[in-house]
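Residue-level structural notes
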Amino acid sequence: MSMTPYRGRFAPSPTGPLHPGSLLAALGSWLLARHAGGQWRVRIEDVDPPRTVPGAVDQQLATLAALGLASDGPIVHQSSRDMLYQQALERLLDEGKAFFCHCSRSGLADQHGIHHQCVARSPRQQPAIRLRVPPGSTVHFQDGLRGAIRQDVHAEVGDFVLRRADGYWAYQLAVVVDDGDQGITDVVRGADLLDSTPRQILLQRALGLPTPAYLHLPLLLDADGRKLSKSDAARPLDARAPLPALRQAWAALGQDPACLRGDGSVVDLLARARAGFDPARLPRHDIVAPQGPR
Ligand code: GLU
């Protein structure tokens with residue numbers, strides 16, 4: 001058993017209000033952290049200004065507070081961590097593991113968007129920076145719910161972007177630097193990010209960072225099989241009614257609804273959730289969300 005104390009996190013991007021799918025990741029990561037006697041941190045992933053919605057950070061934090069899910073320790077905002085990302089990038093450039101790239105999306109269309117070598121004929125004013133992913137870069141890892149996962153990152157993804165041509169940090173770089181810097185031992189998040197994990201593991205290795213344990217929770221799907229957060233059904237959580245939202249997320253996590261029956265405050269309910277949580281009941285497949293009232 002590892003001697004490093006468990007530290008998990010919930011890392012929303014402020015692209016809008018939290019929805020039931022976000023709560024699944026928030027509550028699931030919180031329950032697993034508490035079950036392990038560990039810490040749970042909140043990190044705001046606001047490195048993508050074009051997608052950041054004004055007011056969303058405050059709204060998300062107010063919703064988490066109403067749900068009783070409080071960060072153990074300071075809340076980190078990625079927008080204030082340029083220095084850390086810059087240092088990591090320079091190290092990768094110095095070591096020849098990353099390179100400037102002038103290719104455009106349309107230039108890579110013939111390669112299905114997968115970069116193996118530069119095809120740009122003319123320089124861009126501001127090139128992107130990519131991680132070099134040589135042949136043989138196959139990553140294997142054990143997902144806490146889905147078991148053995150394997151991805152040939154060279155073939156399936158190619159050299160991937162660390163700093164975008166518009167100058168913003170890529171999610172992959174920021175998340176890896178922050179998970180490392182914050183000492184995150186366990187990443188629990190939605191299965192929509194399963195495909196990113198091998199890239200993040202390669203980047204951890206390139207930066208000499210430890211690889212956390214990963215567990216990807218099932219996604220909430222609407223009746224048509226679409227990811228809930230991307231569909232019209234992704235209605236924001238109502239921060240004024242935290243108990244029904246928590247009970248719904250609890251049930252979606254496969255837990256026994258009887259544990260959370262009855263009245264009480266959010267604090268009472270979370271205490272009962274903590275006591276009754278059984279990780280063996282977590283569902284391994286995506287879940288069709290119950291339809292709420294329209
Ligand atoms: N910020 C990402 C999102 O909101 C989550 C990143 C992560 O958990 O690694 O989808």
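Whatever comes next refers back to the structure up there.
Bear in mind that the values here come from a model prediction, so they are computed numbers and not experimental data. (Residues numbered from 1 in each chain as written. Predicted model: local features only at pLDDT ≥ 70, side-chain atom pairs only at ≥ 80, totals over all residues. Heavy atoms only, no water.)

Some remarks on the overall build of the chain
As a reminder, the rule being used: Put simply, DSSP marks the helices as runs of H or I at least four residues long and the strands as runs of E at least two long, and each gets a number from the N terminus on. Taken over C-alpha atoms, the radius of gyration is set against a globule rule of 2.2 Å times the number of residues to the power 0.38. Buried means the residue's accessible area, taken with a 1.4 Å probe over protein chains only, is under 20% of the maximum for its type, while exposed means over 50%, and partly exposed covers the values in between. Contacts were defined at the residue level, with two residues in contact if any of their heavy atoms lie within 4.5 Å.
Looking only at helices and strands, the chain has 8 helices and 12 strands in total. Relative to the globule expectation of 19 Å for 294 residues, the C-alpha radius of gyration of the chain, 20 Å, shows essentially globular dimensions. Classification of the 294 residues of the chain by burial places 49% in the buried group. Partitioning the contacts of the chain with sequence separation of at least 6, the portion at a separation of at least 24 is 75%.

Focus: the pattern of salt bridges
As a reminder of what qualifies: Here, a salt bridge means any side-chain nitrogen of Lys or Arg that lies within 4 Å of a carboxyl oxygen of Asp or Glu.
Counted according to the given criterion, the structure contains 14 salt bridges. The salt bridge involving aspartate 48 is made with arginine 164; its shortest N-O contact spans 3.2 Å. Within this pair, whereas aspartate 48 is found in the loop between strand S2 (39-44) and helix H2 (56-66), its partner arginine 164 is found in the loop between strand S8 (160-163) and helix H5 (171-181), the two being separated by 116 residues in sequence. Between glutamate 95 and lysine 97 there is a salt bridge, with the nearest N and O atoms lying 2.9 Å from each other.

As for the nonpolar core
Selection criterion: To define a nonpolar core, start from buried Ala, Val, Leu, Ile, Met, Phe, Trp, Tyr and Cys residues and group those joined through side-chain atoms within 4.5 Å.
Counting 42 residues, the largest nonpolar core has Leu23, Leu27, Leu31, Trp40, Leu69 and Leu246 as the members making the most contacts within it. Looking at this core, the elements with two or more residues in it are helix H1 (20-35), S2, H2, strand S10 (213-217), helix H7 (242-252) and helix H8 (266-276). The element that contributes the greatest number of residues to this core is H1, accounting for 9 residues. With sequence-adjacent residues up to four places away left out, leucine 246 is seen in contact with Leu23, Leu27, Leu67, Leu260, Val266, Leu269 and Leu270. In this structure, Leu92, Ile129, Val175 and Leu207 belong to the second largest nonpolar core, which totals 31 residues.

Side note on the sheet that holds S2
Adjacent strands of a sheet form backbone hydrogen bonds with each other and so pair up, either parallel or antiparallel. This is how it is decided: Two strands form a pair only when DSSP identifies at least two bridges running between them.
Judged by pairing direction, the sheet is parallel, and its 3 strands sit side by side in the order S1-S2-S3 without closing on themselves. Edge strands, defined here as strands with exactly one partner in the open sheet, are strand S1 (7-10) and strand S3 (76-77).

Re the site of the ligand
Operational definition: Whether a residue is near a molecule or strand is decided by its heavy atoms; if any one of them lies within 4 Å of it, the residue is near. Polar contacts, as used here, are pairs of N or O atoms within 3.5 Å; protein pairs need one atom able to donate a hydrogen and one able to accept it. Residues neighboring in sequence count only if both atoms are side-chain atoms. Reported accessibility uses the Shrake-Rupley method at a 1.4 Å probe radius. Residues are deemed covered only where the shown protein chains occlude them. Just so you know the grouping, Ala, Val, Leu, Ile, Met, Phe, Trp, Tyr, Cys and Pro go in nonpolar, Asp, Glu, Lys and Arg go in charged, and all remaining residues, Gly too, go in polar.
Near the ligand the following residues occur: Arg9, Ala11, Pro12, Ser13, Glu45, Tyr171, Val175, Arg189 and Leu193. Between the ligand and glutamate 45 there is a distance of 2.6 Å, counted from a nitrogen atom to a side-chain nitrogen or oxygen. Within the side chain of tyrosine 171, an N or O atom sits 2.9 Å from an oxygen atom of the ligand. Protein contacts shield 79% of the accessible area of the ligand, which totals 300 Å² for the unbound molecule. Of the residues assigned to the shell around the ligand, the class counts are 5 nonpolar, 1 polar and 3 charged.

Section: the packing of aromatic side chains
Selection criterion: Stacked, tilted and edge-to-face pairs are distinguished by plane angle, under 30 degrees for stacked and over 60 for edge-to-face with tilted covering the rest, among Phe, Tyr and Trp rings (Trp via its six-membered ring) whose centres lie within 6.5 Å.
With the rule as written, the count across this model stands at 3 aromatic pairs. When the ring of tyrosine 85 is compared with that of tryptophan 169, the centres are 5.8 Å apart and the planes differ by 65 degrees; the resulting orientation is edge-to-face. Residue tyrosine 85 is located in helix H3 (residues 82-94), and its partner tryptophan 169 is located in the loop between S8 and H5; the two are separated by 84 residues in the primary sequence. Assigned by exposure class, tyrosine 85 and tryptophan 169 land together as buried. Where phenylalanine 141 meets tyrosine 214, the ring centres are 6.0 Å apart and the plane angle is 70 degrees; that geometry is what we call edge-to-face. Taken as a pair, phenylalanine 141 in strand S6 (residues 138-143) and tyrosine 214 in strand S10 lie far apart in primary sequence, 73 residues in all. Across the pair, tyrosine 214 and phenylalanine 141 agree in class, each one buried.

Quick notes on the sheet that holds strand S4 (residues 98-101)
To be explicit about the condition: Axes here mean lines fitted to C-alpha atoms, for a helix over just the part in contact, with angles spanning 0 to 180 degrees between N-to-C directions.
With antiparallel pairing, the 3 strands of this open sheet are ordered in space as S4-S5-S8. With one partner strand each, in any of the chains shown, S4 and S8 form the two edges of the open sheet. For this sheet, the mean inter-axis angle between neighbouring strands, taken without regard to orientation, is 45 degrees. Where strand S5 (residues 128-131) lies against S8, 3 bridges are found, and the strand directions are antiparallel. When the sheet's bridge partners are listed, leucine 131 is paired in S8 with phenylalanine 160.

Remarks on unusual backbone geometry
Backbone geometry at histidine 112 places phi at a positive 55 degrees, although glycine is not the residue there. Inspection of the secondary structure puts histidine 112 in the loop between S4 and S5. Exposure remark for histidine 112: the relative accessible area of 72% places this residue in the exposed category.

Examining H5
For an α-helix the count is 3.6 residues per turn, leaving residues at separations of three or four pointing the same way. Burial of H5 is extensive: 8 of the 11 residues sit out of reach of the surface. Looking at the buried side of H5, the elements it contacts are S1, S2, H3, S8, strand S9 (186-190) and helix H6 (197-207). Following H5 by one or two positions, glycine 183 has its phi on the positive side, about 65 degrees.

Honestly, it's all geometry; don't read function into it.
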